[in-house]
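Each chain is listed here by its residues.
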Amino acid sequence: MKALFIGGTGTISTAIVKRLAEELGWEVWLLNRGNRSEVVPEEVHQIVCDISDEVAAEKALDGMTFDVVSEFIGFTVDQVERDYRLFKDKTKQYMYISSASAYNKPAANYIITEGTTLANPHWEYSRNKIACEEFLMKKYREEGFPVTIVRPSHTYDERHVPLGVHGKKGFYQVIKRMMDGRPVIIQGDGTSLWTVTFNKDFAIGYTGLMGNRHAIGEAFQITGDETLTWNQIYQTIADALGVKLKPYHVSSDYLSAVGDKYGFDFEGSLTGDKSVSVVFDNSKLKRVVPDMRTTVRFDQGVRIALDYVLSHPECQVVDPEFDKWCDKVIATLEESKQGFSF
């Protein structure tokens, strides 16, 4: 079996590419700009090309066909329209990575299935993903374009630690605040439910859909089965660090209002996603991919991630702007408590 990945070196796709090439014996090709060649297994072939240059991509793919084409960096309709033109006669299956954030926020039921309504008024990213899905499914219904939609939720790997509130430079500043014994902001009261999935577990579900006739024309969510509150997530991280957690709970509405001034899109990432309790019903996926299961619990995965991050200085990206913002939010709220009176 032969697969092409558009991208292929990100948090999710790296684990999939490795599983296909090293465990399942697929012939794997990547089409990307070659910026992260160090994470590509030896067995994998690379086509160094910017797919946004459609003419160059068409030339690079001339004469090639694939059993599966996997799109990991398509975020807008014009990008999947381009993919349709490039691959409609070159693949037996086109797999599009959408997002579980496309589900209605909040949904009518906290238990999420593939039939949950797609609608997100809070996040343009999610609305663009919905529009991409609609275009691709229209092509399937009208022309038989062999699309499979995949909706991940919060997936992480050894280089990332899942968090709710962080700055534009990523998660590390929050980890540093924990290690320094300083308070960290948690959205809401921390009791909303959330699912985090280690990328190796995601790869089990994804590769099981590849070349699977039961997946054509269908959408699947791929997540782990472990559901935690945000308080549990942060406490697990603190336990792995061996430090005392000092949580500071702030409403998502407040974070959205005061974060917007600093370019933090908390309305999208929190109100439109992480603040809302969700529990994923993965029975549809498991019927098609019986091997799908959680093999890495969060307490195990976060230790893997922290061991890697703390031993690789390049992952320790400090964020003074976000750090100062956290202190200001906390000081402002504490001051308002002191000054409040009837």
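To keep things clear, this report deals only with the structure shown in the data block. (Residues numbered from 1 in each chain as written. Predicted model: local features only at pLDDT ≥ 70, side-chain atom pairs only at ≥ 80, totals over all residues. Heavy atoms only, no water.)

## Points about the nonpolar core
Grouped together as the largest cluster of nonpolar side chains are 49 residues, with contacts concentrated most on Val-165, Ile-185, Tyr-234, Ile-237 and Trp-325. If sequence neighbours within four positions are ignored, Val-165 has contacts with Val-174, Ile-185, Gln-187, Tyr-234, Leu-255, Phe-266, Leu-270, Phe-322 and Trp-325. In terms of nonpolar packing, the next biggest core, distinct from the first, is built from 30 residues, Val-28, Phe-202, Ala-215 and Met-292 among them. (Core = buried A, V, L, I, M, F, W, Y, C linked by side-chain atoms within 4.5 Å. Buried < 20%, exposed > 50% of the residue type's maximum accessible area, 1.4 Å probe, protein only. Contact = heavy atoms within 4.5 Å.)

## Re the pattern of salt bridges
For the coordinates displayed, the defined rule picks out 21 salt bridges. When the shortest N-O distance is used, the salt bridge between Arg-159 and Asp-157 registers 3.0 Å. For Asp-327, the salt bridge is made with Arg-177, and the minimal N-O distance between the two is 3.0 Å. You can see Asp-327 sitting in helix α12 (residues 320-339) and its partner Arg-177 sitting in helix α5 (residues 172-179), a full 150 residues away along the chain. The exposure class assigned to Asp-327 is partly exposed, which follows from its relative accessible area of 34%. (Salt bridge = Lys/Arg side-chain N within 4 Å of Asp/Glu carboxyl O. Helix = DSSP H or I, 4+ residues; strand = E, 2+ residues; numbered from the N terminus.)

## What about the packing of helix α8 (residues 252-260) against helix α9 (residues 266-274)?
For the pair α8 and α9, the least separation of the axes is 9 Å and the interaxial angle reads 165 degrees. When the interaxial angle is binned, α8 and α9 end up roughly antiparallel. For the pair α8 and α9, the sense of crossing is left-handed. Along the contact surface, α8 presents Ser-252, Asp-253, Leu-255, Ser-256 and Gly-259, while α9 presents Phe-266, Glu-267, Leu-270 and Thr-271. Split into classes, the residues belonging to the contact of α8 with α9 amount to 3 nonpolar, 4 polar and 2 charged. (Axes fitted to C-alpha atoms, helices over the stretch in contact; angles between N-to-C directions. Parallel < 35°, antiparallel > 145°, perpendicular 65-115°, else oblique. Left-handed = near helix turned anticlockwise from the far one by under 90°. Nonpolar A, V, L, I, M, F, W, Y, C, P; charged D, E, K, R; others polar.)

## Digging into a negative patch on the surface
Side chains of Asp-253, Asp-260, Asp-265 and Glu-267 sit close together on the surface and give a patch of like negative charge. Summarising the element assignment, Asp-260 is placed in helix α8. (Patch = residues over 30% accessible without salt bridge, like charges linked within 9 Å, V, L, I, M, F, W, Y side chains within 5 Å. Areas by Shrake-Rupley, 256 points an atom, 1.4 Å probe, with all protein chains shown as cover. Lys, Arg positive; Asp, Glu negative; His and termini not counted. Charge placed at Lys NZ, Arg CZ, Asp CG, Glu CD.)

## Points about a nonpolar patch on the surface
On the surface, Ile-73, Phe-75 and Tyr-125 cluster together into a nonpolar patch covering about 240 Å² of accessible area. By the element assignment, Tyr-125 lies in helix α4 (residues 124-143).

## Side note on the sheet that holds strand β2 (residues 27-32)
One open sheet holds the 7 strands; their spatial order is β3-β2-β1-β4-β5-β7-β11, and the pairing between them is parallel. Bordering the open sheet on either side are β3 (45-48) and β11 (218-222), each of which pairs with just one other strand. In this sheet, neighbouring strand axes are inclined to one another by 20 degrees on average, regardless of whether the strands run parallel or antiparallel. For β2 and β3, the ladder comprises 4 bridges, and the chain directions are parallel. (Pairing = 2+ DSSP bridges.)

## Section: α12
With 20 residues, α12 should cover 28 Å at 1.5 Å per step; its first-to-last C-alpha distance of 28 Å lies within 8% of that length. Among the residues of α12, Phe-322, Asp-323, Trp-325, Cys-326, Val-329, Ile-330 and Leu-333 are the ones counted as buried. Each buried residue of α12 lies within a common arc of 165 degrees when the element is viewed along its axis, so the set occupies one face. In α12, the exposed positions angled more than 90 degrees off the buried face are occupied by Pro-320, Lys-324, Lys-328, Glu-335, Gln-338 and Gly-339. The secondary structure elements touched by the buried residues of α12 are α5, β9 (184-187), β13 (247-250), α8 and α9. (Expected span 1.5 Å × (residues − 1). Arc of directions from axis to C-beta.)

## Focus on the side chain of Lys-284
With respect to the helices and strands, the residue Lys-284 is situated in helix α10 (residues 283-288). Those residues in contact with Lys-284 that sit more than four places away from it in its chain are Glu-114, Glu-218, Ala-219 and Phe-220.

## Some thoughts on the packing of aromatic side chains
Tallied over the full model, the rule gives 18 aromatic pairs. Measuring from centroid to centroid gives 5.4 Å for Tyr-94 and Phe-145, while their planes differ by 40 degrees, and the two rings are tilted. One end of the pair, Tyr-94, is in strand β5 (residues 94-97); the other, Phe-145, is in the loop between α4 and β7 (147-152), and 51 residues separate them in sequence. Taking relative accessible area as the criterion, Tyr-94 reaches 0% and is therefore assigned buried. With 5.1 Å between their ring centres and 45 degrees between their planes, Trp-123 and Tyr-125 make a pair best called tilted. Taking relative accessible area as the criterion, Trp-123 reaches 17% and is therefore assigned buried. Among the aromatic residues, those joined into a ring-pair cluster are Tyr-262, Phe-264, Phe-266, Phe-322 and Trp-325. Seen from the ring of Phe-66, Lys-2 lies directly overhead, with NZ or CZ sitting 5.1 Å from the centre. For Lys-284, the ring lying beneath its charged end belongs to Phe-220, and the centroid distance is 4.8 Å. (Phe/Tyr/Trp six-rings, centres within 6.5 Å; stacked < 30°, edge-to-face > 60°. Lys NZ or Arg CZ within 6 Å of the ring centre and 35° of its normal.)

## Side note on unusual backbone geometry
Residues Lys-105 and Pro-106 are joined by a peptide bond in cis, for which omega reads -10 degrees. Take Pro-106: it is sitting in the loop between β5 and β6 (111-112).

## Observations concerning the sheet that holds strand β12 (residues 227-229)
Adjacent strands of a sheet form backbone hydrogen bonds with each other and so pair up, either parallel or antiparallel. Taken together, 3 strands build an open sheet; the order of strands is β8-β10-β12 and the sheet is mixed. For this open sheet the edge positions go to β8 (154-156) and β12, each flanked by a neighbour on one side alone. When strand polarity is set aside, the average angle formed by the axes of neighbouring strands in this sheet is 45 degrees. Taken strand by strand, helix α7 (residues 230-241) contacts β8, β10 (193-198) and β12, and its axis lies near 90 degrees from that of β12.

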